[in-house]
Amino acid sequence: MGLYKCVLPSMLMLLMGVVVPGAVDAQVVNGALGGSVYLDVTFTFQPNTIIWNFIMANGTRIPVANLQSSGTIHYFGHYLGRCELYMNGSLRLDNITHTDQGEYSVAAQNADLTEFGTKQLQLYIYVSLTDPDLVVNASDGLIDGKNVTLHCNAGNQNVSSYVFHKDKENVCSKPHVTCRGAFLDFQPITGNDTGTYTCTIQNPVSTRTSNSVHIFVTVPVSGVNLTSNASDSLVWPGITSVSLSCSSGGTNVSFSWSLQGAPLPLDHRYYLTENNSTLIISPVSANDNGTFTCTASNSVSNSTSNGVTLTLASPVSAVMLSSNTSGFLWVGDDSVSLHCSAQGSTITFSWTLNGELLDGTQHPSYTITQGSSPPYSNLTISPVSRKDNGSFTCTGSNLLNNETSHALSLDLAWSPEGNIQCLAQPYGQRLQILQLSCSWPGGQPVANVTMIFDNETETNHDKVIRNVTSLTNVQGSNLTCNGDQLGRTSSCTLPLEPPQSPGHNNSANTTVTEGQTAVMNVSLTAGPQNRASAPTYKVLPAEFSWYYPNHTVINNGSRVIVISTAYTSSLQITDVTADENGKYECRANNLIGNTTFIFTLHVAAKATPPPPSLASKGLDGGAIAGIVIGVLAGVTIILVILFFIFKKKKQNKESIRMNDPDYQTGAKLPSVKFNKENGDTAEASFTNNLQDDGEIKYARIEFKNTPSTKLTNEEPEETLYSDVKKSNKQ
């Protein structure tokens, strides 16, 4: 045994001495220049002796730090004062420089010298990146259909990856975009690529983002179209006005106009609006008889529209607006249709709300339809909303004139937001005054709110408030609030009682297995007398405090988490141990009083796993061979002992055996039991059928438990190599 303890440390030092840099796969650790880095290692046993070395390229080992068996930690050379060795074998380096880059090795063994291990780590030092510069390479300009390249210029920095973003979205997945390292190629760029771009660079220790570059892509002019509000209608010169509108695809488009192929003459009747895209002629004259066109242009192209010719028509008159319903319309539920009619030729209709033009395509709840025989327009609102509260008008227009209807307003109604609220809270500095309130605001028309408390009833609009000074009579009573708005009702009841959790009954048992997570919950509800109509009952908000079995306040920690709201609280204990058995308290306090909820935590012990086999304990072939040789040696000793016992017994009992009818020629050989479990007993025994003094001779050999690779606090038992006993048969 003494030899065994001496051999293990020598083997540990030998293994450390033969480590060759790069001979095994080392764990890679990245560190930032000037920062700190952790060289984390894990052993399956508790180290008692730890040695850290830096391995130079030529294999020279430079000591960094070590932990001696006495518990003393030493730091060496330039590592002194800028590193820390932890008891699990891990090492932290501070203020790291490029000279710290390289291979590190660590060796450790446990206190009784039965287990050891070595590990190697490769440390790489990186410089933190600086911001790159994003630039645009576009020789032909940023024009739709051209090839454009963005360059993320990071200089000579060691960059691991480049990522390009448009408006914070990764753009490398676009079908017409190619990302190749520091470059982003548009092949070609399109108008949809207009936006703000950045690039991000990254290495193992840092990430940096470039400046923002806004790209505006010029789209050539396309689809130029000229329309008239008097198309295919008659125009009466000197009486009416006409609006011609020019539209075009493209970016940064400007418009110019012509009549019969010549630029428009200077005339006070011509008005250009909306970036010159609309030409208003007011009034039309005989000189406007001809074909109007518009030309759309930008920096890269131009195009001319179709021609529009004006004719004569009759003016608009008798514009009337009506509704298909009367009375209140509930917002979100009801719909309404407004009908606008008029007389005249080729009339178009438009709608306004509070003077703002309405467009069915811009308002999803609006549907605008028009007819021509007779001319009319319908505005359907489905459903109505609060924004429809105001004056609606419709306007009939043609090339000669327009006319607007009288204003029409809808009688809208909407419910207060949510349900009626029952509330109780301290009032002012005098905490002995309790303010009760029933609140259901926000309705149109306003809701009637009724408070019922202490056999008294009070009704008001939106909200009722009452201050209570006699708190001794409050506990156990109920605050009831009822709301009514045009027949729509809402009710709630607030029991004025200390915190209640009927399902808990102030005591609960929680059983978990050691190492698992224990969870204890409290959820406040109305008291048992109120649960029959629970949906209308509210609960006073409360504050929660948790206490250990020794009445110490529980705060959040590494294994303990307390999560509380105004109505619930939860205590979670992870990796629970047997020491945490006992009764835990949760104290809930509200305006009326407090309640303590008791939880009894039972921590069950873990099940003991079956003993592992020799192979599972990490024994190599040499260790197993040693055990087998020991077993054979012990059996040999047993056989020798039994031989002499048998010989002596044979001489003393020869005459008896010869006369015994059960006499058998030859003695039974000892029976030896092999293949015993690690740490078990191998036995050899000898018996015969002679009628002698009843003695049975046997021997046994016990083998020491072979240590496993798992860390244990149990001391190994002494080895009993052989024990020869004599047993008197009774």
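Remember, it's a predicted structure, so these values are computed and weren't measured experimentally. (Residues numbered from 1 in each chain as written. Predicted model: local features only at pLDDT ≥ 70, side-chain atom pairs only at ≥ 80, totals over all residues. Heavy atoms only, no water.)

**Regarding the confidence of the model for the protein**
For the protein, per-residue confidence averages 81 on the pLDDT scale, and residues scoring 70 or more make up 78% of the total. This stretch, residues 1-15, has a pLDDT under 50; its non-local contacts, to residues over four places away or in other chains, come to 20 contacts. Of the regions scoring below 50 in pLDDT, residues 703-730 engages in 61 contacts with residues more than four places distant in sequence or in other chains. (pLDDT = per-residue confidence, 0-100. Contact = heavy atoms within 4.5 Å.)

**Some points on empty space enclosed by the protein**
Unfilled space is identified by rolling a water-sized probe across the atoms. Throughout the structure, instances matching the rule amount to one cavity of 30 Å³ or more. Computed from the structure, the largest cavity encloses a volume of approximately 50 Å³. Forming the boundary of the largest cavity are Pro495, Glu497, Pro498, Pro499, Gln500, Thr525, Ala526, Lys538, Val539, Leu540 and Asn590. Partitioning the lining of the largest cavity into residue classes produces six nonpolar, three polar and two charged. (1 Å grid on protein atoms, 1.4 Å probe; cavity = no way out; pocket = protein on both sides within 12 Å on 5 of 7 lines; lining within 4 Å. Points joined across faces, edges and corners; volume = space filled by probe spheres on them. Nonpolar A, V, L, I, M, F, W, Y, C, P; charged D, E, K, R; others polar.)

**Focus: the pairing of strand 42 (residues 456-461)**
Examined bridge by bridge, strand 41 (residues 448-453) and strand 42 share six bridges and lie antiparallel to one another. Counterpart to Val449 in the pairing with strand 42 is Asn460. (Pairing = 2+ DSSP bridges. Helix = DSSP H or I, 4+ residues; strand = E, 2+ residues; numbered from the N terminus.)

**Structural notes on the sheet that holds strand 5 (residues 73-75)**
The six strands lie next to each other as 1-9-8-3-4-5, forming an open sheet whose pairing is mixed. Each edge of the open sheet carries a strand with a single partner, namely strand 1 (27-32) and strand 5. On average, each strand axis in the sheet is tilted by 25° relative to the strand beside it, whichever way the strands run. Inspection of the sheet shows strand 8 (residues 102-109) paired to strand 9 (residues 116-126) by eight bridges, in the antiparallel sense. (Axes fitted to C-alpha atoms, helices over the stretch in contact; angles between N-to-C directions.)

**Observations concerning the state of the cysteines**
Applying the stated criterion across every chain, the model contains six disulfides. Each sulfur in the disulfide pair Cys422 and Cys492 lies 1.9 Å from the other. The sign of the S-S torsion, about 105°, decides the handedness of the disulfide formed by Cys422 and Cys492: right-handed. Here Cys492 lies in strand 45 (residues 488-495) and Cys422 lies in strand 39 (residues 421-426), a separation of 70 residues in the sequence. Its relative accessible area of 5% is what places Cys422 among the buried residues. (Disulfide = S-S within 2.5 Å. Buried < 20%, exposed > 50% of the residue type's maximum accessible area, 1.4 Å probe, protein only.)

**Observations concerning the packing of aromatic side chains**
Here the structure, examined in full by the defined rule, presents six aromatic pairs. With centroids separated by 5.0 Å and ring planes inclined at 65°, the aromatic side chains of Phe54 and Tyr104 adopt a geometry described as edge-to-face. Here Phe54, found in strand 3 (residues 49-55), pairs with Tyr104, found in strand 8; they are 50 residues apart in sequence, far enough to count as distant. Its relative accessible area of 11% is what places Phe54 among the buried residues. Between Arg488 and the ring centre of Trp330, over which it is positioned, the NZ or CZ distance is 3.8 Å. Lying over the aromatic face of Tyr547, Arg587 brings its terminal NZ or CZ to 3.7 Å of the ring centre. (Phe/Tyr/Trp six-rings, centres within 6.5 Å; stacked < 30°, edge-to-face > 60°. Lys NZ or Arg CZ within 6 Å of the ring centre and 35° of its normal.)

**Observations regarding the side chain of Asp100**
As for its placement among the helices and strands, Asp100 is situated in the loop between strand 7 (91-93) and strand 8. When its relative accessible area of 0% is taken as the criterion, Asp100 is described as buried. Within the local environment of Asp100, its side chain forms a polar contact with the backbone nitrogen of Thr97, the two atoms lying 2.9 Å apart. Setting aside its immediate chain neighbours within four residues, Asp100 contacts Phe54, His78, Tyr79, Arg82, Asn95, Leu123 and Ile125. (Polar contact = N/O pair within 3.5 Å; in protein donor to acceptor, adjacent residues only side chain to side chain.)

**A word on the pairing of strand 40 (residues 434-439)**
Looking along a regular strand, one sees side chains alternate from face to face of the sheet. Along strand 40, six of the six residues are buried, which leaves the element largely enclosed by surrounding structure. Every second residue of strand 40 is oriented toward a common face, with Leu434, Leu436 and Cys438 on one face and Gln435, Ser437 and Ser439 on the other, all of them buried. Here strand 39 runs beside strand 40; their pairing, made up of six bridges, is antiparallel. Paired with Pro426 across the bridge in strand 40 is Leu434. As paired strands, strand 40 and strand 43 (residues 463-468) are joined by six bridges and run antiparallel to one another. Note on strand 43: the bridge partner recorded for Gln435 is Asn467.

**Topic: the sheet that holds strand 11 (residues 148-153)**
Taking strand neighbours across the sheet as the criterion, the four strands line up as 10-11-15-14 in an open arrangement whose pairing is antiparallel. With partners counted over all chains shown, the strands left at the sheet margins are strand 10 (133-137) and strand 14 (177-180), one partner each. Strand-to-strand twist of the sheet, defined as the mean angle between neighbouring strand axes without regard to direction, takes the value 15°. Where strand 14 lies against strand 15 (residues 183-186), four bridges are found, and the strand directions are antiparallel. For Thr178, the partnering residue across the bridge sits in strand 15 and is Asp185.

**Re the side chain of His151**
You can see His151 is positioned in strand 11. With sequence-adjacent residues up to four places away left out, His151 is seen in contact with Asp133, Leu134, Val135, Asn137, Ala182 and Phe183.

**Points about the environment of Val163**
Position of Val163 relative to the elements: it lies in strand 12 (residues 161-166). Residue classification places Val163 among the partly exposed positions, given a relative accessible area of 25%. Along the chain, Val163 and Cys199 lie 36 residues apart, while their C-alpha atoms are 5.5 Å from each other. With sequence-adjacent residues up to four places away left out, Val163 is seen in contact with Asn170, Thr198, Cys199 and Thr200.

**Considerations on the pattern of salt bridges**
Note on pairing: side chains with opposite charge can pair once their charged atoms come close. Going through the model one piece at a time under the given rule, you end up with 12 salt bridges. We note a salt bridge from Asp388 to Lys387, for which the minimum N-O separation is 3.6 Å. Look at Asp388 and you get buried, because its relative accessible area is 0%. When the shortest N-O distance is used, the salt bridge between Glu585 and Arg587 registers 3.0 Å. Its relative accessible area of 14% is what places Glu585 among the buried residues. Shared partners join several salt bridges into a network, and the residues in it are Glu84, Arg92 and Asp94. (Salt bridge = Lys/Arg side-chain N within 4 Å of Asp/Glu carboxyl O.)

**Points about unusual backbone geometry**
Residue Pro188 is reached from Gln187 by a cis peptide bond, and omega for that bond is -5°. Its location among the elements puts Pro188 in the loop between strand 15 and strand 16 (195-203). Put simply, Ser382 and Pro383 share a cis peptide bond, and its omega is -10°. As for its placement among the helices and strands, Pro383 is situated in the loop between strand 34 (375-381) and strand 35 (391-397).

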